[in-house]
Amino acid sequence: MRLLAEGLSARRGEDLIFHDISFVLAAGEALVVTGPNGSGKSTLLRVLAGLLGAESGRIHLEGGPPGFEHPHELSHYLGHRNAMKRELTVEENLSFWQRFLGDSPGGAGIALDAAAEAVGLAGITHLPFGYLSAGQQRRMAMAKLLVAYRPIWLLDEPTAALDAGADRLFAGLVATHLDRGGIVIAATHQPLGIERTKALQMTGFVH
Amino acid sequence: MRLLAEGLSARRGEDLIFHDISFVLAAGEALVVTGPNGSGKSTLLRVLAGLLGAESGRIHLEGGPPGFEHPHELSHYLGHRNAMKRELTVEENLSFWQRFLGDSPGGAGIALDAAAEAVGLAGITHLPFGYLSAGQQRRMAMAKLLVAYRPIWLLDEPTAALDAGADRLFAGLVATHLDRGGIVIAATHQPLGIERTKALQMTGFVH
Amino acid sequence: MIALFFRDLKLSVRAGGGAMIGVLFFMTVVAVIPFGVGPDLNLLARIGPAILWIGALLAALLGLDRLFQAEREDGSLDLLLMQETPLLLTVFVKCAAHWAATGLPLVIASPFLGLFMNMDERAIGATMLTLLGGTPAITLIGAVGAAVAVALPRGGLLVSILVLPLAIPVLIFGVSATYAAVEDPAPFLPPFMILMAITLFFAVIGPVAAAAALRHSAD
Amino acid sequence: MIALFFRDLKLSVRAGGGAMIGVLFFMTVVAVIPFGVGPDLNLLARIGPAILWIGALLAALLGLDRLFQAEREDGSLDLLLMQETPLLLTVFVKCAAHWAATGLPLVIASPFLGLFMNMDERAIGATMLTLLGGTPAITLIGAVGAAVAVALPRGGLLVSILVLPLAIPVLIFGVSATYAAVEDPAPFLPPFMILMAITLFFAVIGPVAAAAALRHSAD
Amino acid sequence: MSENSMAIRKLGDLANPTRFLALAERVLPWFAALSALFLSVGLWLSFTTEGDYQQGETVRIMYVHVPAAWLSMMCYTVMAVSALGTLVWRHPLADVSARAAAPIGAAFTFLALVTGSLWGKPMWGTWWVWDARLTSVFVLFLMYLGLIALNRAMEDPSRSARVSAVLVLVGFVNIPIIKFSVEWWNTLHQPASVMRLDGPTIDPEFLRPLLVMAIGFTLLFFTLHIAAMRNEVWRRRVTSLRRQAARNAGRETLAP
Amino acid sequence: MSHAAYVIASYLVAALTVAGLVLWVVGDGRARRRELKALEAAGIRRRSAQTAGGDDK
Ligand code: HEM
Ligand SMILES: Nc1ncnc2c1ncn2[C@@H]1O[C@H](COP(=O)(O)OP(=O)(O)OP(=O)(O)O)[C@@H](O)[C@H]1O
Ligand SMILES: Nc1ncnc2c1ncn2[C@@H]1O[C@H](COP(=O)(O)OP(=O)(O)OP(=O)(O)O)[C@@H](O)[C@H]1O
Ligand SMILES: [Mg+2]
Ligand SMILES: [Mg+2]
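Residues numbered from 1 in each chain as written. Chains lettered and ligands numbered in written order. Predicted model: local features only at pLDDT ≥ 70, side-chain atom pairs only at ≥ 80, totals over all residues. Heavy atoms only, no water.

As recorded in an unreviewed UniProt entry, chain E goes by Heme exporter protein C and comes from Sinorhizobium saheli. Under the UniProt heading Sequence similarities (unreviewed entry), the entry covering chain E gives this text: "Belongs to the CcmC/CycZ/HelC family." If you open the UniProt record of chain E and go to Function (unreviewed entry), you find "Required for the export of heme to the periplasm for the biogenesis of c-type cytochromes." (UniProt positions renumbered as here; feature names shortened; annotations may be inferred.)

Looking at an unreviewed UniProt entry, one finds chain C named Heme exporter protein B and attributed to Sinorhizobium saheli. Per UniProt, chain C has the following entry under Subcellular location (unreviewed entry): "Cell inner membrane". Regarding chain C, the UniProt comment filed under Function (unreviewed entry) reads as follows: "Required for the export of heme to the periplasm for the biogenesis of c-type cytochromes."

Focus: the nonpolar core
If you look at the biggest cluster of nonpolar residues, it comprises 374 residues, and the most contacted ones within it are A:Met140, A:Ile185, B:Ile185, C:Phe25, D:Phe25 and E:Phe138. When neighbours within four sequence positions are excluded, D:Phe25 is seen to be in contact with C:Leu61, C:Leu157, C:Ser160, C:Ile161, C:Leu164, D:Gly55, D:Leu58, D:Ala59 and D:Leu62. (Core = buried A, V, L, I, M, F, W, Y, C linked by side-chain atoms within 4.5 Å. Buried < 20%, exposed > 50% of the residue type's maximum accessible area, 1.4 Å probe, protein only. Contact = heavy atoms within 4.5 Å.)

Describing the UniProt feature "transmembrane region" (unreviewed entry) in chain E
All names here are of chain E. Look at the UniProt record and you will see "transmembrane region" (unreviewed entry) annotated at residues 27-47, 67-89, 101-120, 132-151, 163-186 and 206-227. Secondary structure content for residues 132-151 is 100% helix and 0% strand, while the C-alpha to C-alpha distance between its ends is 28 Å. Secondary structure across residues 206-227 comprises 100% helix and 0% strand; the distance between its end C-alpha atoms is 32 Å. (Helix = DSSP H or I, 4+ residues; strand = E, 2+ residues; numbered from the N terminus.)

Some thoughts on the interface of chain C and chain A
Taken together, the contacts link 26 residues of chain C with 26 residues of chain A. Carbon and sulfur atoms make up 61% of the area that chain C and chain A hide from each other, which totals about 2,400 Å². In this structure, the connection of chain C to chain A is made through four salt bridges. With a closest N to O distance of 3.1 Å, A:Arg46 and C:Asp78 form a salt bridge. Linking chain C to chain A there are seven residue pairs in polar contact (both at pLDDT 80 or more). Elements supplying a minimum of two residues to the side of chain C that touches chain A: helix H1 (2-16), helix H4 (66-73) and helix H5 (76-82) of chain C. Element by element, the count of residues in the side of chain C that touches chain A is highest for H1(C), at seven residues. (Buried area = accessible area lost by both parts, 1.4 Å probe. Salt bridge = Lys/Arg side-chain N within 4 Å of Asp/Glu carboxyl O. Polar contact = N/O pair within 3.5 Å; in protein donor to acceptor, adjacent residues only side chain to side chain.)

As for the sheet that holds strand S2 (residues 15-26) of chain B
All names here are of chain B. What the three strands build is an open sheet, ordered S2-S1-S4; its pairing is antiparallel. The open sheet has two free edges, formed respectively by S2 and strand S4 (56-62), since each of these has just one partner strand. Strand-to-strand twist of the sheet, defined as the mean angle between neighbouring strand axes without regard to direction, takes the value 15°. Summarising the sheet, strand S1 (residues 2-12) and S4 pair through six bridges and their orientation is antiparallel. Counterpart to alanine 5 in the pairing with S4 is isoleucine 59. Strand contacts of helix H1 (residues 41-48): S1, S2 and S4, with the helix running at about 120° to S1, the strand carrying the most contacts. (Pairing = 2+ DSSP bridges. Axes fitted to C-alpha atoms, helices over the stretch in contact; angles between N-to-C directions.)

Looking at the site of ligand 2
The environment of ligand 2 is made up of 20 residues, and the closest members are A:Ser133, A:Gly135, B:Lys41, B:Ser42 and B:Thr43. Between a nitrogen atom of ligand 2 and a side-chain N or O atom of B:Arg12, the distance comes to 2.7 Å. Taking 640 Å² as the accessible area of ligand 2 by itself, protein coverage stands at 92%. If you list the elements that add at least two residues to the shell around ligand 2, you get helix H4 (134-147) of chain A together with H1 of chain B. Each residue belonging to the shell around ligand 2 can be placed in one class, and the counts come to four nonpolar, twelve polar and four charged. (Near = heavy atom within 4 Å. Areas by Shrake-Rupley, 256 points an atom, 1.4 Å probe, with all protein chains shown as cover. Nonpolar A, V, L, I, M, F, W, Y, C, P; charged D, E, K, R; others polar.)

Structural notes on the arrangement of the chains
Interchain contacts are distributed over twelve pairs of chains, and the most extensive set of them lies between chains C and D. Regarding chain B and chain F, the two do not touch, and the least distance separating their C-alpha atoms is 12 Å. One finds no contact between chain C and chain F; the C-alpha atoms of the two approach each other to within 20 Å at their closest.

Side note on the sheet that holds strand S2 (residues 15-26) of chain A
Residue and element names in this part refer to chain A. The three strands are arranged S2-S1-S4 in an open sheet whose pairing can be described as antiparallel. Looking along the sheet, the strands with just one partner apiece sit at the ends: S2 and strand S4 (56-62). Neighbour-to-neighbour, the strand axes of the sheet open up by a mean angle of 15°, direction not taken into account. Here strand S1 (residues 2-12) runs beside S2; their pairing, made up of eight bridges, is antiparallel. When the sheet's bridge partners are listed, leucine 8 is paired in S2 with isoleucine 21. Along the sheet face, helix H1 (residues 41-48) touches S1, S2 and S4 and points at about 120° away from the line of S1.

Digging into the site of ligand 3
Of all residues adjacent to ligand 3, which total 18 residues, the nearest are A:Lys41, A:Ser42, A:Thr43, B:Ser133 and B:Gly135. More than a single chain frames ligand 3: its nearby residues are located in chains A, B and E. At a separation of 3.0 Å, an oxygen atom of ligand 3 approaches a polar side-chain atom of A:His189. Relative to its unbound accessible area of 640 Å², ligand 3 is 94% covered by the protein chains.

A few points about the pairing of strand S7 (residues 183-187) of chain B
All names here are of chain B. With five of five residues buried, S7 lies mostly within the body of the structure. Of the two faces of S7, the one holding Ile183, Ile185 and Ala187 and the one holding Val184 and Ala186 are both buried throughout. Taken together, the four bridges between strand S3 (residues 30-34) and S7 define a ladder with parallel strand orientation. For valine 32, the partnering residue across the bridge sits in S7 and is alanine 186. In this fold, the crossover linking strand S6 (residues 152-156) to S7 by way of helix H5 (residues 164-179) has right-handed handedness. (Right-handed = clockwise from strand over helix to strand, strands pointing away.)

Here it is in structure tokens:
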């Protein structure tokens, strides 16, 4: 499986945010997107997730499972917001996403408890999501990546609000996913501690 | 001016989050609070900001301006959320807070443009806040600390989402504030690059 | 999908108080009209179905504006948009959950309110039936409005404005079917069939339009 | 404080909840009524005041629930709570801004809508006066509900049980004062004085209760 | 991809609005002068012609009421065509045109409503009835206001264009309803007597000022519409220039 | 009200509405032109193309 982006450019409002970005990622490879604030990292990820139309260029998947036209149907997207309801318990949230997202072909999600365990927060799944600390919320949002299988992970500043221990834990999760042949694209300001990465430096338009 | 906390403990729901925390900060000193996720850093800051009642212990200010009973009336609080309205322009947001907060005795806020300049985003104050990227939003929330004077700054993970350049810029802002005799308490996972700091390591109650 | 349905149901019961506020508002409307009409029971009975329908229409507006906005604010909308499952279906299921949480209680409460309006059994039955058939259409139309307004920070009133004019045909045929059931010469079935046709029409068109609007709202 | 007033005003005007939209919503509600009850001018004139009051109540309710929740979600509430200025005053100013942005335009528009409902001058004047006196009470009651809603993330139900029952007396005295002004035997002043008393009562109690609820909501 | 092709595509986008601005600059004075001329002649005619034996002086209300009513419908038609332009041809000016027309249309509809009411009070004895013609015009007014509100609430035109275009087209069903309501339902309102297939049935004494006023109003509409479109183009330019300025300013201090 | 009053009222409303429209359009145009001038004075001009995008790899 290979993810290809060719000549992507995107617009926000009237302005072109980036222009002619291309990359190829094979299974087991990660791309780390870096760049100063406002350079378009989040915009790029949203384009890859199919949430924003690209102005030009295209994204496609080679050798993926048949029947999926757009790579975003095979992707997890972890944005700045966690996509969890404050009013529901962590367990209700996770089990909702597990059932709603379902597994992509080629893998299976793990059980809720195992996922909570994997992010180091076993035993607090009965709390309402709103009660968790910022870092705990972020970790639980990561647990969402585990409960349903998707070969591609799109992560926007995944480690913001995480402590050093959780950073390592997260690097472990990503490494495992890559080992299983997954693809990871992450925008970040901090080193993620993952090997086998390609790097993409966004500069924005400098005038 | 000295800020004293004596034997603070706080509760969230049923659980005691931390217990018997004391410190003394003189003018020009900073306290950096670290600790793993969920160890109670945010809770401590919220107690200091008067947003959460302490279970026991007390916080008081020695040698502060007269007429202020609670230190939180002399504090800026920068939480996880930026306290800015997406719909209003940055300028409207800042000028609202400038006028609403007013200056504490002993100092004066700087002009909006100067504040935007200080966080490296001069000239985009006419954009709606919602248009800014995550890091730009965070920087503008910092500009809020400058437009109205408060001797005490309570900062919860101020540098999350900031790029390296902005990190340095922020360290400069804090240093200036300390030089002028301010007090800074910051919870963070990343080194802030400030000297003259005391450190407080939260351990939390390990479940 | 079933998961989405139950999550939404749980949320609106737990957080919005959707069902209660709708029914309470409905009751308020019904309680206030008699002041204007005076103690004339016959007149009250005559305009009863119309009032119940208007009350239900207005009550259905409460909370509708948050249908997609709440999802957008916490980022869930992004994930809903990305899936392979057709967005149509997602929208439809959300509408169904919303209707079950707010429309259905209105239908169930309507007979009691009919008694207050001094309506006879036949009129009450007819009103309940037409409401049962018609309120889903209102929810579905509302979903289009909510989707259009999803990008707006405070869409509340704007959604209602977009929705009300489109809901007028539903109101007209709902009311006329009810009257037809009560007054003998007029046949009940034709307007009721039209009402059902409108509901079916919006069951198809509503999700399509809402899905299209949501796709364009992503930023 | 003035800054807060203007910010809130600006927000509600900018963000699709503004004066024009409130009035537009009100007009839409009025336009929908004849489709339900039929174009009978006499009947419309009789239910006119009730309809105007219901429309105003609904317009005030839509969007009121977000009064403090929006502040909380973006963290502004924390800063509002921390200040030296009494919280009461903050709450009161927010209510005033909300009323100025949604209540006042409704009051101003009500005479024109009265014409559409074929009401006579006297009824129109009375409706306008009672709306002017009564809508602030609705806003203030709503503020308490909104504050409680902020405090209880999972307790939405309580809000509706709290707000509407408290608002119903306002509605009832408002409507009955209006009718008293039109129909000669009934005296206008007593119900109107009660209405004003309710408004004053909530002008005092509302901010106190809301401020108390907000203080406890901080988490 | 080379920067050149970028430049060409962007220029192509701009060409139309730029050409439009130049055109507007040239034709606006003429339109303004002509509409002023027709309106003043119309005004003079409408106060010098005889009153009606049946309606007395009030017939003079017709000279404002009827052109305003026509214009209210025509303006919506213009918006509907523009909406088609947005959806089908994706013409960059179509959305500008639809947006600029909405407030003007709302004003004319308001005029038709108010003058109609002012005519209705002496003629029918009431300001308002809920008959088909009047109700449908009221709904038209609400639609104009709704569209204005929607346009104002969504500040990013690129996102709101298609949504409001769809709404405009949906609302277009109202126009035939207004036009033919007097024939389909029996109402208090006059049936058409000027714009009919078999020629006008109205007395030429009234027809002359009416037509002059109608032409004057139409010219006024086009003048205002072109000017408002020009304003809208400018507004968009200002927004995008400001963003661009912002971007530059943000960058310079930002060098990491 | 005499019938003449209705006529005068209608013409008055018409005059006011038209005047309001004209004033709005003209005023709006003036304001936009002023903003454009200000931006131009600040040295910001429309650019037909922008330079370099994100560097690759
Ligand atoms: C608020 C109330 C009214 C509204 C909304 C209204 C609306 C309209 C509209 C939309 C038209 C254009 C119809 C077409 O082109 O076919 C029209 C035409 C006309 N209206 Fe009214 N009208 C109102 C009241 C009145 C009254 C009270 C009178 C006179 C008693 C009147 C007399 C006329 C006449 C004579 C025409 C011209 C019909 C023709 O020659 O085609 N209208 N009105
Ligand atoms: N409203 C609440 N009710 C009950 N418990 C809560 C509530 N809010 C937070 N907690 C708990 O309090 C603990 C401390 O949370 P706090 O937000 O202070 O942590 P933190 O040190 O800031 O963590 P992070 O680094 O993730 O931001 C957590 O275990 C959390 O689950
Ligand atoms: N809705 C919008 N409308 C117009 N411009 C926008 C919008 N959202 C973002 N932008 C602009 O797009 C640019 C890129 O934003 P983006 O969020 O992609 O940056 P980023 O690289 O993720 O930055 P950060 O590191 O701060 O998260 C910014 O200059 C921002 O001002
Ligand atoms: Mg970002
Ligand atoms: Mg924290």
